[in-house]
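Listed below, chain by chain, are the residues.
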Amino acid sequence: MRRALIVGLLVLTPLAAGCGGGGDDTADTATAEKVSAAASAGVVAPAKVEVIAGLTGCKPKIRIEADELREGVCRTGKADYVITTFPEEKLKQTWLDSASVYGGTYLVGTRWVVGAKPEVLDDLRPKLGGEIWKLQGIGPAPKS
């Protein structure tokens, strides 16, 4: 299980670097800020990469296939995003806790997470449901 989480984080790192929010140069603790509001469509996507991708109009390329998680990449003309699914909710929470070190913004649902730029997540949310989480990360914020 640890190996899959580490692999997931290694894959997550480049995405999180491109999706991190601004902030001051002080070290922040790893916290998650939930942006709540029900999805306008009222849809909650199931925890299967291919189904979630299909709801967004994408055919994913699976890049991690493990007992603890599955991860697929969607590359479209409009955006790139990563869909990660988990067989249990507690594994998703462990992944989010680990990802919080890197910061970034994610669309989070029941046993699934989508990582992308915030504006992409805003577009996907009506199709998938879920909540947008902003993970603060640790260390200094990147300079713009």
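As a starting point, this report considers the structure included with it. Keep in mind the model is a prediction, meaning the values are calculated, not measured. Numbering of residues begins from 1 in every chain and follows the order in which that chain's sequence is written. Per-residue local features of the predicted model are confined to residues with pLDDT of at least 70, and side-chain atom pairs are confined, for both listing and counting, to 80 or more; whole-chain, interface and lining totals are unaffected and use all residues. Each side-chain value is worked out from all heavy atoms of the structure, with water and hydrogens disregarded.

**What to know about the pairing of strand S5 (residues 104–109)**
Throughout this description, buried means an accessible area under 20% of the type-specific maximum (1.4 Å probe, protein chains only), exposed means over 50%, and partly exposed covers the range between. Helical segments are the DSSP runs of H or I of at least four residues, strand segments are the runs of E of at least two, and each set is numbered from the N terminus. The buried fraction of S5 is high, at 6 of 6 residues. Side chains Gly104, Tyr106 and Val108 project from S5 onto one buried face, and the interleaved Thr105, Leu107 and Gly109 project onto a second face that is buried too. DSSP-based pairing: two strands are paired if at least 2 bridges between them are found. One ladder, built from 5 bridges, connects S5 with strand S7 (residues 131–135); its direction is antiparallel. Along S7, the bridge assignment pairs valine 108 with glutamate 131. The antiparallel pairing of S5 with strand S6 (residues 112–115) creates a hairpin that spans 2 residues between the two strands, and arginine 111 there sits at a positive phi of about 65°.

**With respect to the state of the cysteines**
The definition used for a disulfide is geometric: two cysteine sulfur atoms within 2.5 Å. Going through the model one piece at a time under the given rule, you end up with 1 disulfide. Shown here is the disulfide that connects cysteine 58 with cysteine 74, its sulfur atoms set 2.1 Å apart. Measuring handedness by torsion sign, the sulfur bridge of cysteine 58 and cysteine 74 sits at about -105° and is left-handed. Separated by 16 residues along the polypeptide, cysteine 58 in the loop between helix H2 (49–55) and strand S2 (61–65) and cysteine 74 in strand S3 (residues 70–75) bring together distant segments of the chain. Cysteine 58 gets classed as buried once you look at its relative accessible area, which sits at 9%. Overall, cysteine 74 belongs to the buried group, its relative accessible area being 0%.

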